Number of protein chains: 2
Amino acid sequence: MIKQAAAFLRERDNFDILTHDFPDGDTLGSGFALCIALQSIGKKARVITTGVPKDFIFLQEGIVPMSFDTQTVVSVDVADEKLLGKNREAYAGKIDLCIDHHRTNVIQAPLRLVDAEAAANCEILYYLLPELGAELTRGVRNNLYTGIATDTGCFRYTNTTAKTLRTAAALVELGCDTAYINKVMFETKTKKRMALEREILDTMEYCCGDRCAIIAATLDIQNRVGVCDGELEGLASIPRQIEGVEIGITMREKEPGVFKVSVRTDETRVNAATFCSQFGGGGHAAAAGCTVKGTLEQAKAQLEKAAGEALWTA
Amino acid sequence: MIKQAAAFLRERDNFDILTHDFPDGDTLGSGFALCIALQSIGKKARVITTGVPKDFIFLQEGIVPMSFDTQTVVSVDVADEKLLGKNREAYAGKIDLCIDHHRTNVIQAPLRLVDAEAAANCEILYYLLPELGAELTRGVRNNLYTGIATDTGCFRYTNTTAKTLRTAAALVELGCDTAYINKVMFETKTKKRMALEREILDTMEYCCGDRCAIIAATLDIQNRVGVCDGELEGLASIPRQIEGVEIGITMREKEPGVFKVSVRTDETRVNAATFCSQFGGGGHAAAAGCTVKGTLEQAKAQLEKAAGEALWTA
């Protein structure tokens, strides 16, 4: 499939490369790496995003802005056209080549390079780009490393395979700015984010004999700290990190009396999706979500009751 | 040197393997891996520690407790005999083989296998153990992976090289319990630790136009949370993580009016060792320490003044 995709890319020109909405390191790293590579072999290419977050701007270095009539559409790290955000309408049904690593990929493109064994989409690109005849420049390598490192929590998540580590080793060997990338991606928090964590930790409550922990980002806290939606990401991992906690619950007030709830469990004992289905939600065995209404205390009481029942039957 | 060390280990028997005080994943991983390997080739061996923290107990699995008269002493990940803690007196001057990766190693052993390019001491053992004729059993692999992962912050720190990643890839390929190890080492916090972080974040103060951030673990906080010394580790990285902060200062009250201060800087602009030398301390360019006396406010005022001067001249 890699050779077929490479042949297709070599044949065609005027590429629009689509990334998913709420872009992360892997979709942007894939998009920019492919764009740099295509431009380096004389093709016209550009990356279509819904915005590039500040921390990822450096990854665009070396890309030449180009205007052209689109001939070829490639999606990277996009599992479903729904995830294209504001670009969905313009590109629906027009994807020629879909490069992805999500097992759940449902894009009906004529050519699909989908490898669910790859920890990151950038892992696939590391093997595809040389087949294009493109050199793995420092810019390309930085993009690929960023995608692989961010999608694996810097090689910490269970999706990390021996191949992932070997791919990263090869990139590091060729040279990339890992010190800078790791610092920005994994060791930097905004002042607001730090203030948010401080407020959130103040809301931590334990129940069910400390086997369940709940935190709540109320509108009051969100307004006081002045965070936007994006800055609320990643909170869900906090309560589950605590030793002995089997159900970690993160409540995020969306509007007064409406809480978006993220549930994280050690999937072996409590199934997060089953837990959330009681509240009309769903998800995966270890990570799921739902919406609960009521005052903070009412919503919390419902969740605590469900946690007690789940742990009782576990 | 590896072949020479292996030949020495094959010749000798009755091994005491020394680890450093306040043991971490790399010294214990090295010690247990070497012990399992030596026992597997029919040698008598035991690991001498100053205690095994709870999270590392699983690494001892498969080691057979043995009594014997010591014939050979091997130190692992120990840069200086001073670091042997309570075992120093019994073993001073008696180390036959020193296996280490610290550039600053000063142990005068007849045989030294010191490789400062290795990110972790376990990286050296990965290449040494097969030379012994020992099989890399799952127990050995788990120890080596733990040492490498913990000493590199799960491949995030700048000591991580292509060789480090390749070594980890080889271990993962052979099979090790990375999901369990990464969870315990990088994603689990005790309830007390979480409570401590919450209290500590409440003390966060910014100065010098937000280019310096200070946190303080006062005795009051330590007593309230009920933490012991070990649980205070790792706090020093918190203030430096904040975007824009060039000097991160962590104060830890040791006794009333005496503060142990950890300073972390982006070494390129402010040298942490120079900063601390004003207070009679020292260390590295990016991480240094000193002791400051006075009330919390007095001590903080001195540090803030020094931070202002350092940033002014930077």
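From a predicted model like this one, the values you see are computed outputs, not experimental measurements.

S.K.: Would you mind showing me how to read the overall build of chain A here?
M.R.: Of the regular secondary structure elements, chain A holds 12 helices and 11 strands. A compact globule built from 314 residues would reach a C-alpha radius of gyration of about 20 Å, and chain A, at 21 Å, matches this within 12%. Dimensions along the principal axes, computed over C-alpha positions, put chain A at roughly 60 × 40 × 35 Å. Burial statistics for chain A: of 314 residues in total, 53% are counted as buried. For chain A, contacts bridging at least 24 residues in sequence account for 63% of all contacts bridging at least 6. For chain A, the accessible surface area stands at approximately 13500 Å², while carbon and sulfur atoms represent 50% of it. With 35 positive and 42 negative side-chain charges, chain A shows a spacing of 1 Å between the two charge centroids.

S.K.: Just to check I follow, could you spell out the domain arrangement of chain A for this structure?
M.R.: Frequently, the measure chosen for interface size is the accessible area that the parts lose on association. What the domain assignment lists for chain A is domain 1 (2–186) and domain 2 (191–313). Here the C-alpha centroids of domain 1 of chain A and domain 2 of chain A sit 32 Å apart.

S.K.: Got a minute to help me understand the interface of chain B and chain A in this structure?
M.R.: Chain B puts 37 residues into the contact, and the matching count from chain A is 37 residues. Here chain B meets chain A over a buried area of about 3600 Å², counting both sides, of which 56% is carbon and sulfur. Counting every contact that joins chain B to chain A gives 10 salt bridges. Viewed at the interface, chain A and chain B are joined by 18 residue pairs in polar contact (both at pLDDT 80 or more). Of all the secondary-structure elements, those providing two or more residues to the side of chain B that touches chain A are helix 6 (162–174), helix 7 (178–186), helix 8 (191–201) and helix 10 (237–240) of chain B. Here the side of chain B that touches chain A takes 7 residues from helix 6 of chain B, the largest share from any one element. For the side of chain B that touches chain A, the per-class residue count stands at 17 nonpolar, 6 polar and 14 charged.

S.K.: How do you make sense of the relation of the copies chain B and chain A when you look at a structure like this?
M.R.: Copy one and copy two of the chain differ by a rotation about a common axis and a shift along it. Once turned by 180 degrees and shifted 0.0 Å along the axis, chain B lies on chain A with an RMSD of 0.1 Å. Here the two chains are linked by the operation of a two-fold rotation axis. Comparing interface residues between copies, 100% of those in chain B also sit at the interface in chain A, which points to an isologous, same-surface contact.

S.K.: How should I be thinking about the pattern of salt bridges in this particular structure?
M.R.: Oppositely charged side chains can pair when the atoms bearing their charge come close. Evaluation of the coordinates by the stated rule reveals 36 salt bridges over all chains. As a salt-bridge pair, Glu205(A) and Lys300(A) come within 3.0 Å of each other at their nearest N and O atoms. Here Glu205(A) is found in strand 6 (residues 205–207), whereas its partner Lys300(A) is found in helix 12 (residues 296–313), with 95 residues between them in sequence. Ionic pairing is found between Glu243(A) and Lys54(B), a salt bridge with its closest N-O pair at 2.4 Å. Of this pair, Glu243(A) sits in the loop between helix 10 (237–240) and strand 8 (247–255) while Lys54(B) sits in the loop between strand 2 (45–48) and strand 3 (72–76), each in a different chain. Overlapping salt bridges, with partners in common, bring together Lys54(A), Asp55(A) and Glu243(B) in one network.

S.K.: Explain the confidence of the model for chain A to me, please; I cannot follow it from the model alone.
M.R.: Detailed reading of predicted coordinates is not advised where the pLDDT is low. With 99% of its residues at a pLDDT of 70 or more, chain A shows a mean pLDDT of 94. Listed scores for the predicted complex are pTM 0.88 and ipTM 0.87.

S.K.: Help me out: how do you make sense of the packing of helix 4 (residues 121–128) of chain B against helix 5 (residues 138–151) of chain B in this one?
M.R.: Helix-helix packing is characterised by the crossing angle of the two axes and by the distance between the axes. All names here are of chain B. Orientation of helix 4 relative to helix 5, taken along the N-to-C sense of each, is 145 degrees, at an axis distance of 7 Å. Seen from helix 4, the contacting residues are Cys122, Glu123, Leu125 and Tyr126; seen from helix 5, they are Asn143, Leu144, Gly147 and Ile148. The residue inventory of the contact of helix 4 with helix 5, partitioned by class, reads 5 nonpolar, 2 polar and 1 charged.

S.K.: Where do I start with the sheet that holds strand 3 of chain B in this structure?
M.R.: By way of backbone hydrogen bonds, the strands of a sheet pair with one another, either parallel or antiparallel. Residues and elements named next belong to chain B. One open sheet accounts for 5 strands, arranged 2-1-3-4-5; its pairing is parallel. Every other strand in the sheet has two partners, leaving strand 2 and strand 5 (111–114) as the edge strands with one partner each. On average, each strand axis in the sheet is inclined to that of its neighbour by 15 degrees, with strand direction left out of account. The sheet contacts of helix 2 (residues 25–40) involve strand 1 (15–18), strand 2, strand 3 and strand 4 (97–100), and relative to strand 2 the element is tilted by about 170 degrees. Helix 4 contacts strand 3, strand 4 and strand 5 of the sheet and is inclined by roughly 120 degrees relative to strand 4.

S.K.: Hey, could you run me through the packing of helix 1 (residues 2–11) of chain A against helix 4 (residues 121–128) of chain A in this one?
M.R.: All names here are of chain A. Put simply, helix 1 and helix 4 touch, their axes get as near as 10 Å, and they point 75 degrees apart. One finds that helix 1 runs roughly perpendicular with respect to helix 4. Here helix 1 contributes Ile2, Ala5, Ala6 and Leu9 to the contact with helix 4, which in turn contributes Ile124, Tyr127 and Leu128. Taken together, the residues of the contact of helix 1 with helix 4 sort by class into 7 nonpolar, no polar and no charged.

S.K.: I tried to follow the packing of aromatic side chains on my own but got confused; where do I start?
M.R.: Note on aromatic pairs: each is described by the distance of the centres and the angle between the planes. Under the criterion given, the structure shown has 9 aromatic pairs over all chains. Ring centres of Phe155(A) and Phe155(B) lie 6.1 Å apart, and the angle between their planes is 85 degrees; on these two criteria the pair is classed as edge-to-face. Taken together, the positions of Phe155(A) in the loop between helix 5 (138–151) and helix 6 (162–174) and Phe155(B) in the loop between helix 5 and helix 6 put the pair across two chains. Across the pair, exposure class does not vary: Phe155(A) and Phe155(B) are buried alike. Here Phe58(B) and Tyr180(B) contribute two aromatic rings whose centre-to-centre distance is 5.0 Å and whose plane-to-plane angle is 85 degrees, an arrangement assigned as edge-to-face. Of this pair, Phe58(B) sits in the loop between strand 2 and strand 3 while Tyr180(B) is found in helix 7, placing the two residues 122 residues apart along the sequence. Among the aromatic side chains, those forming a connected cluster through ring pairs are Tyr145(A), Phe155(A), Tyr145(B) and Phe155(B). The residue whose ring lies beneath Lys163(A) is Tyr127(A), and the NZ or CZ to ring-centre distance is 4.7 Å.

S.K.: Please clarify how the environment of Ser67(A) should be interpreted in this entry.
M.R.: As for its placement among the helices and strands, Ser67(A) is situated in the loop between strand 2 (45–48) and strand 3 (72–76). Spatially, the C-alpha atom of Ser67(A) lies 37 Å from that of Lys163(A), the residues being 96 residues apart in sequence.

Thresholds applied
Residues numbered from 1 in each chain as written. Chains lettered and ligands numbered in written order. Predicted model: local features only at pLDDT ≥ 70, side-chain atom pairs only at ≥ 80, totals over all residues. Heavy atoms only, no water. Helix = DSSP H or I, 4+ residues; strand = E, 2+ residues; numbered from the N terminus. Rg over C-alpha atoms; globule rule 2.2 N^0.38 Å. Buried < 20%, exposed > 50% of the residue type's maximum accessible area, 1.4 Å probe, protein only. Contact = heavy atoms within 4.5 Å. Areas by Shrake-Rupley, 256 points an atom, 1.4 Å probe, with all protein chains shown as cover. Lys, Arg positive; Asp, Glu negative; His and termini not counted. Charge placed at Lys NZ, Arg CZ, Asp CG, Glu CD. Domains from an automatic or database assignment. Buried area = accessible area lost by both parts, 1.4 Å probe. Salt bridge = Lys/Arg side-chain N within 4 Å of Asp/Glu carboxyl O. Polar contact = N/O pair within 3.5 Å; in protein donor to acceptor, adjacent residues only side chain to side chain. Nonpolar A, V, L, I, M, F, W, Y, C, P; charged D, E, K, R; others polar. Least-squares fit on C-alpha atoms with pLDDT ≥ 70 in both. pLDDT = per-residue confidence, 0-100. Axes fitted to C-alpha atoms, helices over the stretch in contact; angles between N-to-C directions. Pairing = 2+ DSSP bridges. Parallel < 35°, antiparallel > 145°, perpendicular 65-115°, else oblique. Phe/Tyr/Trp six-rings, centres within 6.5 Å; stacked < 30°, edge-to-face > 60°. Lys NZ or Arg CZ within 6 Å of the ring centre and 35° of its normal.

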